[in-house]
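# Observations on chain architecture
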Amino acid sequence: MKKSLQSTFLTILFITAITAISGCSKNAVTPTFIPVPIINPILSQLSSTSVIVGGRLSSSSFVTDDGFCYSPTNALPTVNDTFIRDTLSARWEEKITGLTPNTTYYVRAYAKSETGTGYSDVITFKTNATAAVPTGTVTTFAGSAAGTAGYAEGTGTTALFDGPQNVAFNAATGKVYVAESFNNAIRTITTTGATAVLSKATIGYADGNLTTAQFYGPKGLSFDATGNTYLADLGNNVIRKITTTGVVTTVAGNTIAGFIDGAATKAEFYNPSATAIDAAGNVYVADRTNNLIRKITSAGVVSTLAGFKALNGFSQTTVPGYVDGNDPTLSLFNYPVALTLDATGNLYVADYKNNAIRKVTPAGVVSTFAGGIYFPALLGNPTGVVLDSQGNMFISEASGRIIEITASKVLYVLAGAAKSNGYVNGVGAAARFNSPQSLTLDGQGNLYVADFNNNVIRKITVAVQ
């Protein structure tokens, strides 16, 4: 009887153990879902026969295959159409070749799991009719042909600069304006390359006539419809205005590095680096070290348009990050350094440390226009951004490239090469820059670049070639 009870007990224990193991196995099985890929909305280097496309997974998923499928006839291409397979990764990029010139194509990213195949949204593009693509021809517009730092007014290479950090074209005067770091100066350049000084004073803070006014690291030049100049006085933590008659006033800020919204005289900024002005006279500010986009109304009221504000007792500089969204108070930036406005009032922000161009609507809704943490290889530390009247965007990168993103969202490298510093004039990838910090467009479509470490202003003529 004792033996029988022992046998029964062991049998029950065995069954219990098997049941437990079986239960654990069922709980340990991770359900397999159909993956959801996302395609990069920006295509790269579109030609007559090829294009570069990027994709990523929207969430962590186990996939057995991923890549791109495309077709000139099927508006919803699948893997049953032509496809190109990538190595398995959370994001992938491929160059699609063998395309037909002057032909419309539809392309989607795909990803497979054991459950099925998931597809991204469709991107439509048309191959170029010829092999020619947008390319930039780079010359030295003003500054030493040897890259020598200094201060001298002159024409072309007889002029000297020392750390030009910002350029902006003033349509009212037809001149390029330059803000310099080490000369603590604001200068102008005519279309023929002749320079002149507006302000070159000892470092300080004083309003008044340009002959006596003082600045501390002027940066972020922009202009209103009548030609008045607005600038981010980075070292003084204020926003300044220079009238067409040469009178300097403080628009907002009190020279204290900090963060306060409200009346212009009480507001605080922390290393503001860029300004942009809309048709209503509102001034937008890239408040760099606060990681915020600020707005100054024409009535002089300062508010935060987008960006997360730190809680009381915490430094605003402790909240850099990367978050898009519909709630302006929850979005995050990381070192916003340049701004430009489109025709409908949307702001585009060069978000330097996020390797992104961010879009901010008038209501403060933030999205990623190009690059960012999901497609980090697309841009390398953007320092300047400007739009032409057709909606084409031009970007300078600290890494050494000048880029165009066309209105149809195709990226072309106009000049320079990533992580390859130098001082070389020439066409396209043969040209070299050394930490370009800003760029601007004149009325004829020419680009001008503040080539910071080369101490020159470069000119880029863009053409399809």
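These notes cover the structure that comes with them. (Residues numbered from 1 in each chain as written. Predicted model: local features only at pLDDT ≥ 70, side-chain atom pairs only at ≥ 80, totals over all residues. Heavy atoms only, no water.)

### Describing the environment of Val36
For clarity, the cut-off: Helix and strand labels come from DSSP, where a helix needs a run of H or I of at least four residues and a strand needs a run of E of at least two; each type is numbered from the N terminus. The buried label applies to any residue whose accessible area, calculated with a 1.4 Å probe on protein chains only, is under 20% of its type's maximum; exposed applies above 50%, and partly exposed to all values in between. We call two residues in contact whenever any of their non-hydrogen atoms come within 4.5 Å of each other.
Position of Val36 among the secondary structure elements: in the loop between helix H1 (2-28) and strand S1 (37-39). For Val36, a relative accessible area of 47% gives the class partly exposed. Along the backbone, Val36 and Val133 are 97 residues apart, and their C-alpha atoms lie at a distance of 33 Å. Setting aside residues up to four positions removed in sequence, Val36 forms contacts with Arg56, Leu57 and Ser58.

### Some points on the sheet that holds strand S14 (residues 195-200)
Just so we agree on the cut-off: Pairing between strands requires that DSSP locate at least two bridges from one strand to the other. Here the axes come from fitting lines to C-alpha atoms, over the contacting stretch only for helices, and the angles between their N-to-C directions go from 0 to 180 degrees.
Read from one edge to the other, the open sheet built from 4 strands follows the order S11-S12-S13-S14, with strand pairing classed as antiparallel. Of all the strands in the sheet, just strand S11 (164-170) and S14 have a single pairing partner and so form its edges. Each strand of the sheet is rotated relative to its neighbour by a mean of 20°, with strand direction disregarded. As paired elements, strand S12 (residues 175-180) and strand S13 (residues 185-189) share 5 bridges and run antiparallel to each other. Counterpart to Tyr177 in the pairing with S13 is Thr188.

### Points about the nonpolar core
Inclusion rule: By nonpolar core is meant a set of buried Ala, Val, Leu, Ile, Met, Phe, Trp, Tyr and Cys residues that side-chain atoms within 4.5 Å join together.
Of all hydrophobic cores here, the largest spans 22 residues; its most connected members are Val51, Phe68, Ile96, Val107 and Phe125. Looking at this core, the elements that each hand over two or more residues are strand S3 (51-57), strand S4 (65-71), strand S6 (91-96), strand S7 (104-112), strand S9 (123-126) and strand S32 (410-416). For this core, the element with the most residues is S7, which contributes 4 residues. Contact partners of Val107, with chain neighbours within four places excluded, come to Ile39, Phe68, Cys69, Tyr70, Pro77, Ile96, Asp121, Val122, Ile123 and Phe125. Judged by nonpolar contacts, the second largest core, of 17 residues, contains Leu379, Met393, Ile403 and Leu411.

### Focus: the sheet that holds strand S28 (residues 366-371)
With antiparallel pairing, the 4 strands of this open sheet are ordered in space as S25-S26-S27-S28. In the strand order of this sheet, the two ends are held by strand S25 (336-341) and S28, each with one partner. Strand-to-strand twist across the sheet, computed as the mean angle between neighbouring axes with direction ignored, equals 25°. Pairing analysis gives 5 bridges linking strand S27 (residues 356-360) to S28, with the strands arranged antiparallel. What sits directly across from Val360, in S28, is Val366.

### Re the side chain of Asn183
Condition: Polar contact is the term for a pair of N or O atoms within 3.5 Å; when the atoms are in protein, one must be able to donate a hydrogen and the other to accept it, and sequence-neighboring residues count only if both atoms are side-chain atoms.
Checked against the element boundaries, Asn183 lands in the loop between S12 and S13. Polar contacts involving the side chain of Asn183 include one to the side chain of Glu180, which spans 2.7 Å. Beyond its immediate chain neighbours, meaning those up to four positions away, Asn183 contacts Gly150, Tyr151, Phe161, Asp162 and Lys200.

Purely geometric stuff here, so don't read any function into it on its own.
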